[in-house]
Amino acid sequence: MAEHFDVAVIGGGPGGYATALYGAAAGLSVAVVEMDKVGGTCLHRGCIPAKEFLETASMFRHVADAKEFGIDAGSPGIDFSISQGRKQKVVDQLWKGLTGLMKRRRITTVAGRGALGPGRTVHVDGGGELSADHVVLAAGSVPRTIPGFEVDGRVVLTSDEFLALERLPATAVVIGGGAIGCEFASTMADLGVKVTILEALPKILPGCDREVAEVVVRSFKKRGIDIRTGVAVSGHTPGETGTTVSFGGEGETLTVDMVVVSVGRRPLSDGLLLDGVGVEVDERGFVRVDQWLRTAEEGVFAVGDLISTGTSVHPALAHVGFVEGIQVVKTILGEPVVPVDYAKVPWCIYTHPEVAFAGLSEEAATDAGYEVVVKKDPFAGNGRALILGEAEGLVKVIAEKDGAGRAGTILGVHMVGPWVTEQLGQAYLAVNWEATVDEVAQFIQPHPTLSEVFGETVLALTGRGLHS
Ligand code: NAI
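Residues numbered from 1 in each chain as written. Predicted model: local features only at pLDDT ≥ 70, side-chain atom pairs only at ≥ 80, totals over all residues. Heavy atoms only, no water.

**Observations regarding the overall build of the protein**
Looking only at helices and strands, the protein has 13 helices and 24 strands in total. Relative to the globule expectation of 23 Å for 468 residues, the C-alpha radius of gyration of the protein, 24 Å, shows essentially globular dimensions. The C-alpha extent of the protein, read off along each of the three principal axes, is 70 × 65 × 45 Å. Within the span of the protein, comprising 468 residues, buried residues form 49% of the whole. Long-range pairs, those at least 24 residues apart, make up 63% of the contacts in the protein between residues at least 6 apart in sequence. When the accessible area of the protein is evaluated, it comes to approximately 21500 Å², of which 54% is carbon and sulfur surface. Both charge centroids of the protein, one from 40 positive and one from 58 negative side chains, sit 4 Å from each other. (Helix = DSSP H or I, 4+ residues; strand = E, 2+ residues; numbered from the N terminus. Rg over C-alpha atoms; globule rule 2.2 N^0.38 Å. Buried < 20%, exposed > 50% of the residue type's maximum accessible area, 1.4 Å probe, protein only. Contact = heavy atoms within 4.5 Å. Areas by Shrake-Rupley, 256 points an atom, 1.4 Å probe, with all protein chains shown as cover. Lys, Arg positive; Asp, Glu negative; His and termini not counted. Charge placed at Lys NZ, Arg CZ, Asp CG, Glu CD.)

So this is what it looks like as structure tokens:
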């Protein structure tokens, strides 16, 4: 007979393992079915390795810039196989930590590909079967590819293959200027690769505030990245070593060693649902859920990159998976839950310079019909930023105009510059707390810190800034 659990989770990425860890912490018996390694895309082929390589790039820049501080460290060179080894060590250590934690919480991990059958049964390829009172689908996503660009792992790569490279190319085309494309372009350019980004839309980082994206564009261009926007990629012709990519209306071409395709991700719902299961999947393959993350089948939930909430764009972010896992467990336990407001989740892009934001951009706020008051402050006037030698960037705060015509509730905070991913916390709090400018202006920012720029911007919104 199939072993029975309180909760069975299909997929052990951030959405799945958060469900399992939180559920087990609440005393539920939990099984996780995972076909590869727990930790999922984020740990093995996504966030963690990508940020590790960005840190390699940052180290390279620091050594190159050391002379400015009077330190003679010579000119940096790179052996990327060593960088790859270090990345793997970080990933393996986190993976060991996660598997150990899951064991200690008495979570049963079943190796294999899981599929949901009727009556909340989970069938594992190879013949295993289990059943549960509640099933959570957390199968995640895989890179999207484009016709004419067969992934061979040598000349044409997606993020999966890029993050396993042992050697960097001399030249590369990155197709798609979203978060992944820009992070890879930033890494490669700092490590000496000649990079061209080909983006179909009129600008890179299309989801970001315009002025924030412009700062990234300026920095990228200064570091030699060629950015071509509004271009359609039509195909490529492999040569002896690299390939020639064709793009644009006038049949432009570019010959490079490597093409990295980063045009988004698609949900991995193929084969996940067996006959007789009532879970609904939309035309793009996303599992449909309501705001409580319930599918159309009783007792079956879904979280993470796999889902569409139908109301707004569902961000494919690890931390969104974490919070959804927690919410599902609370719902199972009958505890009160505040559904995630997807328009206000924190976003962090770890390019150089970094980008971080929460809430509405100026354009989005205006499009949504808000009358806004906007202030921005550059890092160039900040002591800590000058000490670091990283003074490019700015903080921009968007507030709703109140009845008296003053800046009221904070609608969005958009940052670009040094360590902004680590500075977003208080901005996120302000946006999600629906705090006003007057309230946040009272926060004390330690001096000298980078976060003074956020404090100064909010203070300026009260009508009286200290420095601006
Ligand atoms: P994305 O959807 O963010 O960006 C893809 C880009 O490719 C878009 O700008 C799109 O206009 C462009 N594009 C699509 N088809 C194209 C074509 N044929 N030719 C040229 N350009 C084309 O997807 P991305 O960057 O692959 O990331 C996937 C997901 O991973 C995102 O949803 C994001 O949420 C998540 N992610 C987040 C990160 C972060 O927050 N730091 C880092 C990496 C990924």
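**Overview of a nonpolar patch on the surface**
Nonpolar side chains collect at one region of the surface, where Tyr428, Leu429 and Trp433 lie side by side and expose about 360 Å² of accessible area between them. On the secondary structure map, Leu429 appears in helix 11 (residues 420–432). Leu429 sits in the partly exposed class, given a relative accessible area of 41%. (Patch = residues over 30% accessible without salt bridge, like charges linked within 9 Å, V, L, I, M, F, W, Y side chains within 5 Å. Salt bridge = Lys/Arg side-chain N within 4 Å of Asp/Glu carboxyl O.)

**Some points on the site of the ligand**
Residues in close proximity to the ligand total 25 residues, the closest being Ile180, Glu183, Glu199, Gly264 and Cys348. Measuring from an oxygen atom of the ligand, one finds a backbone N or O atom of Ala316 at 3.2 Å. Cys348 places a polar main-chain atom, nitrogen or oxygen, 2.5 Å from a nitrogen atom of the ligand. Summarising the interface, the protein chains cover 79% of the accessible area of the ligand, which totals 840 Å² for the free molecule. Of all elements in the fold, only helix 6 (179–190), strand 10 (194–199) and strand 20 (347–349) reach the threshold of two or more residues within the shell around the ligand. Residues of the shell around the ligand, tallied by class, amount to 16 nonpolar, 5 polar and 4 charged. (Near = heavy atom within 4 Å. Polar contact = N/O pair within 3.5 Å; in protein donor to acceptor, adjacent residues only side chain to side chain. Nonpolar A, V, L, I, M, F, W, Y, C, P; charged D, E, K, R; others polar.)

**Focus: the packing of aromatic side chains**
Per the stated rule, a full pass over the model turns up 4 aromatic pairs. Both rings, one in Tyr17 and one in Phe322, keep their centres 5.8 Å apart while their planes meet at 55°; by these two values the pair is tilted. Of this pair, Tyr17 sits in helix 1 (residues 14–25) while Phe322 sits in helix 8 (residues 318–333), and the two are 305 residues apart along the sequence. On the basis of relative accessible area, Phe322 is assigned to the partly exposed category, the value being 30%. (Phe/Tyr/Trp six-rings, centres within 6.5 Å; stacked < 30°, edge-to-face > 60°.)

**A look at the sheet that holds strand 14 (residues 252–256)**
Spatially, the 3 strands line up as an open sheet ordered 12-13-14, and their pairing is antiparallel. Only two strands of the sheet have a single neighbouring strand rather than two, namely strand 12 (233–238) and strand 14. Going from strand to strand, the sheet's axes swing by 20° on average, the running direction of each strand aside. (Pairing = 2+ DSSP bridges. Axes fitted to C-alpha atoms, helices over the stretch in contact; angles between N-to-C directions.)

**Things to note about the nonpolar core**
Counting 47 residues, the largest nonpolar core has Val30, Met102, Ile107, Leu116, Val135 and Leu137 as the members making the most contacts within it. Of all the elements in the fold, those that place two or more residues in this core are strand 1 (3–10), helix 1, strand 2 (30–34), helix 4 (80–104), strand 5 (121–124), strand 6 (129–137), strand 18 (300–302) and helix 8. Contact partners of Val135, with chain neighbours within four places excluded, come to Ala8, Leu116, Arg120, Val122, Gly299, Val300 and Phe301. Of all hydrophobic cores here, the second largest spans 38 residues; its members include Phe80, Phe162, Cys182 and Leu191. (Core = buried A, V, L, I, M, F, W, Y, C linked by side-chain atoms within 4.5 Å.)

**Looking at the pattern of salt bridges**
With the rule as written, the count across this model stands at 23 salt bridges. With a shortest N-O distance of 2.4 Å, Arg86 and Glu52 are connected by a salt bridge. Taken together, the positions of Arg86 in helix 4 and Glu52 in helix 3 (residues 47–65) put the pair 34 residues apart, joining distant regions of the chain. Judged by its relative accessible area of 51%, Arg86 falls in the exposed class. Close ionic contact of Arg406 with Asp438 constitutes a salt bridge, the shortest N to O distance being 3.2 Å. A residue pair is termed long-range when its members are at least 10 positions apart, and Arg406 in the loop between strand 23 (394–401) and strand 24 (407–417) and Asp438 in helix 12 (residues 437–440) qualify at 32 residues.

That's the geometry; what it means functionally is another story.
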